[in-house]
Amino acid sequence: QKEVEQDPGPLSVPEGAIVSLNCTYSNSAFQYFMWYRQYSRKGPELLMYTYSSGNKEDGRFTAQVDKSSKYISLFIRDSQPSDSATYLCAMSRFIIQGAQKLVFGQGTRLTINP
Amino acid sequence: NAGVTQTPKFRVLKTGQSMTLLCAQDMNHEYMYWYRQDPGMGLRLIHYSVGEGTTAKGEVPDGYNVSRLKKQNFLLGLESAAPSQTSVYFCASSYILKTGELFFGEGSRLTVL
């Protein structure tokens, strides 16, 4: 069983739709929860992170963590064609001297159609 | 400010050949990482370093070696390339105890024939 499971999609929605992306995890040692966005042929970039259960909002993006269910979500409101990318969930725990081990989901490829 | 720079961006190797991927960061980060990305597998950690002169194994280290002789550089070596090492390789760096945020390079696409 993978530590982190993410539906790879692909997911295609019309512009303006609300998008929901989800991941589940099995390891209770994870302390921090992140969403990275990766455009085609580029490296991932951090979109949002949180370390507690609940919601965190940043503009059109909301990250939700439910530690009791080991489930995290990313919601995108008023989706735009520029949001088309692969979204990777990631979870981390410290390994040595403050360095983190990030475990990534498989990534969900999202396309927003104009 | 270039961030994290990887060279080369593309490379084709024959089975058994060797090569080195170079990662350079100009953000004075202590920690550096090498990941590989394969379809359906996500990003997997190969090796990492917590400072100049130190290296450690990640979850898929076999067939790779690394060196961190200078703080700003992290080299990934393949001594005898195999087709299973065909992948996109990403280097990343981070601040000490900066939660969750890794800064990634643009990737190096390697094909082993």
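Quick note: structure is the one above.
About the thresholds
Residues numbered from 1 in each chain as written. Chains lettered and ligands numbered in written order. Predicted model: local features only at pLDDT ≥ 70, side-chain atom pairs only at ≥ 80, totals over all residues. Heavy atoms only, no water. Helix = DSSP H or I, 4+ residues; strand = E, 2+ residues; numbered from the N terminus. Rg over C-alpha atoms; globule rule 2.2 N^0.38 Å. Buried < 20%, exposed > 50% of the residue type's maximum accessible area, 1.4 Å probe, protein only. Contact = heavy atoms within 4.5 Å. Areas by Shrake-Rupley, 256 points an atom, 1.4 Å probe, with all protein chains shown as cover. Lys, Arg positive; Asp, Glu negative; His and termini not counted. Charge placed at Lys NZ, Arg CZ, Asp CG, Glu CD. Salt bridge = Lys/Arg side-chain N within 4 Å of Asp/Glu carboxyl O. Buried area = accessible area lost by both parts, 1.4 Å probe. Polar contact = N/O pair within 3.5 Å; in protein donor to acceptor, adjacent residues only side chain to side chain. Nonpolar A, V, L, I, M, F, W, Y, C, P; charged D, E, K, R; others polar. Pairing = 2+ DSSP bridges. Disulfide = S-S within 2.5 Å.

1. Digging into the overall build of chain B
Step number 1: Within chain B one finds 0 helices and 11 strands.
Step number 2: When its helices and strands are written in sequence order, chain B yields β-β-β-β-β-β-β-β-β-β-β.
Step number 3: Relative to the globule expectation of 13 Å for 113 residues, the C-alpha radius of gyration of chain B, 13 Å, shows essentially globular dimensions.
Step number 4: For chain B, the spread of C-alpha atoms along the principal axes amounts to about 40 × 30 × 25 Å.
Step number 5: Looking at the 113 residues of chain B, the share that counts as buried comes to 51%.
Step number 6: Intrachain contacts of chain B at a sequence separation of at least 6 include 54% that bridge at least 24 residues.
Step number 7: A total of about 5,200 Å² of accessible surface is found on chain B, and carbon and sulfur atoms cover 53% of it.
Step number 8: Distance between charge centres in chain B, computed from 11 positive and 9 negative side chains, equals 5 Å.

2. Brief notes about the pattern of salt bridges
Step number 1: Using the criterion set out here, one finds 7 salt bridges over all chains in the structure.
Step number 2: In this structure, the salt-bridge partner of Lys42(A) is Glu106(B), at a minimum N-O distance of 3.1 Å. Here the residue Lys42(A) occupies a position in the loop between β4 (32-38) and β5 (45-50), and Glu106(B) occupies one in the loop between β10 (103-104) and β11 (108-112), the pair thus bridging two chains.
Step number 3: Residue classification places Glu106(B) among the partly exposed residues on the basis of a relative accessible area of 42%.
Step number 4: Its salt-bridge partner being Arg44(B), residue Asp38(B) comes within 2.9 Å of it at the nearest N-O pair.
Step number 5: Overlapping salt bridges bring together Arg36(B), Asp38(B) and Arg44(B) as one network.

3. Considering the interface of chain B and chain A
How big an interface is tends to be stated in terms of the accessible area lost upon association of its parts.
Step number 1: At the interface, 23 residues of chain B touch 24 residues of chain A.
Step number 2: Where chain B abuts chain A, roughly 2,100 Å² becomes buried across the two surfaces, and 57% of that area is made up of carbon and sulfur atoms.
Step number 3: Remark: the boundary between chain B and chain A carries 1 salt bridge.
Step number 4: In this assembly, chain B and chain A are joined by 4 residue pairs in polar contact (both at pLDDT 80 or more).
Step number 5: Mapped by element, the contributors of at least two residues to the side of chain B that touches chain A are β4 (31-38) and β5 (42-49) of chain B.
Step number 6: Take the side of chain B that touches chain A: its biggest share by element is 4 residues, from β4(B).
Step number 7: Of the residues belonging to the side of chain B that touches chain A, the class tally is 12 nonpolar, 6 polar and 5 charged.

4. So, the pairing of β4(B)
All names here are of chain B.
Step number 1: Most of β4 is tucked away: 8 of the 8 residues are buried.
Step number 2: The two faces of β4 match: Tyr31, Tyr33, Tyr35 and Gln37 on one face and Met32, Trp34, Arg36 and Asp38 on the other face are all buried.
Step number 3: Where β4 and strand β9 (residues 87-94) come together, 7 bridges link them in antiparallel fashion. If you follow tyrosine 31 over to β9, its bridge partner there is serine 94.
Step number 4: Where β4 lies against β5, 7 bridges are found, and the strand directions are antiparallel. Bridging across to β5, tyrosine 35 finds its partner in leucine 45.
Step number 5: Here β4 folds back onto β5 in antiparallel fashion, the turn holding 3 residues, of which glycine 40 has a positive phi close to 75 degrees.

5. Quick look at the state of the cysteines
All names here are of chain A.
Step number 1: Within this structure, the stated rule accounts for 2 disulfides over all chains.
Step number 2: Between cysteine 23 and cysteine 89 runs a disulfide, and the two sulfur atoms are separated by 2.0 Å. What sets the handedness of the cysteine 23 and cysteine 89 disulfide is the S-S torsion sign, and at about -100 degrees it is left-handed. Pair noted here: cysteine 23 is in strand β3 (residues 19-25) and cysteine 89 is in strand β9 (residues 85-96), with a separation of 66 residues, a long-range link.

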